[in-house]
Amino acid sequence: MKLFDPILQFQQEIQAIRRDIHAHPELCFEEFRTADVVAQKLEEWGIPVIRGMAGTGVVGVIQRGSSSRALGLRADMDALPMQEINQFSHTSKHPGKMHACGHDGHTAMLLGAARYLQQTGDFDGTVYVIFQPAEEGGGGARRMIEDGLFTKCPMDAVFGMHNWPGIAAGQFAVKTGGMMASSNEFEVTVLGKGAHAAQPQKGIDPVMIAVQIAQSWQTIVSRNVNPLEPAVLSLTQIHSGSATNVIPDEAKLIGTVRTFSTDVLDLIERRMETIARSTAEAFDAQIEFKFQRNYPPLINHVNETEFAIQVMRDLVGSDHVDTQVEATMGAEDFAYMLQAKPGCYVFLGNGTGDHRSAGHGLGPCNLHNPSYDFNDDLLPIGASYWVALAQAFLKAK
Ligand SMILES: [Zn+2]
Ligand SMILES: [Zn+2]
């Protein structure tokens, strides 16, 4: 591996930052301390900082030479509302909050790269290091774009990275095209008519109607969607009633839909509404249909992905770059950035959990698991990838 020597030299400092952020997790749009740590470090290293985009977002601007070429490197800063069960020294100090997705590591890797790029230069143009809030459901990437990320910081391409447990530590995995799914949620209310449970003829039973709708919805993916197109419809909550002898007024059906294409999403939403309304009508009930489209699918651009793959191969060797990674039905708000700018998002293997020091919670080291911890061995690899990518993209002539 051709890691950058100076990055290895200040690995201890970057690791200390990572563990400090891990110990002080903050949720969506509340990354005040984390943003301060990031901005202070960038300023300490002489990097101009833009603050306030999407509230807690931070952008460092590293400029060399005279070229107008520019690229963005993006990390996310937020943690999750869950209790950490690890007991090592850098475990979360905030009950009910935890860095279980490795955004502490993403932030630290990008800081390492920023420091190296500012120190050594060796490129012609501008590198924007983007630290965004609220990836976990808050759409911080979209908010930064709405707050002018790409107008205040004009760039030719943008790149993202996420650690991925289960893939060998330090191995890159990527693909062109759709890599992560769109994420959408629905809440459908069946409005019936309450009655005594012993006198069903006096009411309209929303529970029975909700069950019929739930069953029929499961024909959409199996009977309406093209079998070659990935799609998931998961009904995750049914709420109704409060007593054994009361037919309730209403029933709620709540869940998520994941797809890779807008056509399939349009089809699923339309069929869900038709089935819900027609079934309700058949039983003299009404429907309130709410369907919210959240993160779009994450689509890697062909040219930028091929470019990034070459950088990865030069860095860690072709054997350690999987260019055909299996897409996942999980979602990621970096998708918004890839709708606005060409670019590439890549997984960096986090290993199987062997890296965790004594005191971890003995659970699997999976994302969003209370035993998860970011693998510090990745810090120089991820930071070196960012540096190599920036230097290759903004090659000094
Ligand atoms: Zn996550
Ligand atoms: Zn994440």
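Residues numbered from 1 in each chain as written. Chains lettered and ligands numbered in written order. Predicted model: local features only at pLDDT ≥ 70, side-chain atom pairs only at ≥ 80, totals over all residues. Heavy atoms only, no water.

1. Topic: the overall build of the chain
Part 1: Helices and strands together make up the secondary structure of the chain, namely 11 helices and 16 strands.
Part 2: For 397 residues, the compact-globule estimate of 2.2 N^0.38 gives 21 Å, and the chain sits close to it at 24 Å.
Part 3: Counting only C-alpha atoms, the chain reaches 80 × 45 × 40 Å along its principal axes.
Part 4: Relative to its full complement of 397 residues, the chain shows a buried share of 56%.
Part 5: Split by element, the accessible area of the chain, about 16500 Å² in all, is 48% carbon and sulfur.
Part 6: Taking the 31 positively charged and 45 negatively charged side chains of the chain as two groups, their mean positions are separated by 2 Å. (Helix = DSSP H or I, 4+ residues; strand = E, 2+ residues; numbered from the N terminus. Rg over C-alpha atoms; globule rule 2.2 N^0.38 Å. Buried < 20%, exposed > 50% of the residue type's maximum accessible area, 1.4 Å probe, protein only. Areas by Shrake-Rupley, 256 points an atom, 1.4 Å probe, with all protein chains shown as cover. Lys, Arg positive; Asp, Glu negative; His and termini not counted. Charge placed at Lys NZ, Arg CZ, Asp CG, Glu CD.)

2. Considerations on the coordination of the zinc ion (ligand 2)
Part 1: The coordination sphere of the zinc ion (ligand 2), as far as protein atoms go, consists of Cys101 (SG), His103 (NE2) and His162 (NE2), spread over 2.1 to 2.3 Å.
Part 2: Look at where the donors of the zinc ion (ligand 2) fall in the sequence and you get C-x1-H-x58-H.
Part 3: In this structure, the zinc ion (ligand 2) lies 3.2 Å from the zinc ion (ligand 1), and both are coordinated by Cys101. Of the two residues, His103 sits in helix α4 (residues 103-120) while His162 sits in strand β5 (residues 157-165), which places them 59 residues apart along the sequence. Grouping residues by exposure puts His103 and His162 together as buried. (Donors = N, O, S within 2.8 Å, 3.2 Å for Na, K, Ca; no water.)

3. Remarks on the UniProt feature "domain: Peptidase M20 dimerisation" (unreviewed entry) in the chain
Part 1: According to UniProt, the feature "domain: Peptidase M20 dimerisation" (unreviewed entry) maps to residues 185-281 in the numbering used here.
Part 2: Strand forms 32% of residues 185-281 and helix 40%; the C-alpha atoms that close the span are 23 Å apart. (UniProt positions renumbered as here; feature names shortened; annotations may be inferred.)

4. Here we look at helix α7 (residues 206-224)
Part 1: Over its 19 residues, α7 extends 26 Å from the first C-alpha to the last, a length consistent with the 27 Å expected when each residue adds 1.5 Å.
Part 2: The opening residue of α7 is Asp205, an N-cap whose side-chain oxygen sits 2.9 Å from the backbone nitrogen of Val207. (Expected span 1.5 Å × (residues − 1). Polar contact = N/O pair within 3.5 Å; in protein donor to acceptor, adjacent residues only side chain to side chain.)

5. Some thoughts on the sheet that holds strand β10 (residues 231-240)
Pairing between the strands of a sheet is mediated by backbone hydrogen bonds and can be parallel or antiparallel.
Part 1: Read from one edge of the open sheet, four strands run β10-β12-β8-β13, paired in antiparallel fashion. Strands at the two margins of the open sheet, each flanked by one partner only, are β10 and β13 (286-293). Direction aside, the axes of adjacent strands within the sheet are offset by 15 degrees on average.
Part 2: With eight bridges connecting them, strand β8 (residues 182-191) and β13 associate as antiparallel partners. Paired with Val188 across the bridge in β13 is Phe289.
Part 3: The sheet strands contacting helix α8 (residues 262-282) are β8, β10, β12 (250-259) and β13, and the helix crosses β13 at an angle near 165 degrees. (Pairing = 2+ DSSP bridges. Axes fitted to C-alpha atoms, helices over the stretch in contact; angles between N-to-C directions. Contact = heavy atoms within 4.5 Å.)

6. What about the coordination of the zinc ion (ligand 1)?
Part 1: Donor atoms from the polypeptide that bind the zinc ion (ligand 1) are Cys101 (SG), Glu136 (OE) and His368 (NE2), placed at 2.0 to 2.2 Å.
Part 2: Motif for the zinc ion (ligand 1), donor spacing along one chain: C-x34-E-x231-H.
Part 3: What makes His368 partly exposed here is its relative accessible area of 41%.

7. Re the packing of α7 against α8
Part 1: Axis separation between α7 and α8 bottoms out at 9 Å; the angle between their running directions is 150 degrees. As the angle between them shows, α7 and α8 are arranged roughly antiparallel. Crossing hand, α7 versus α8: right-handed. The residues of α8 that touch α7, namely those facing Ile209, Gln212, Ile213, Ser216, Trp217, Thr219, Ile220 and Asn224, are Leu267, Ile268, Arg271, Met272, Ile275, Ala276, Thr279 and Ala280. (Parallel < 35°, antiparallel > 145°, perpendicular 65-115°, else oblique. Left-handed = near helix turned anticlockwise from the far one by under 90°.)

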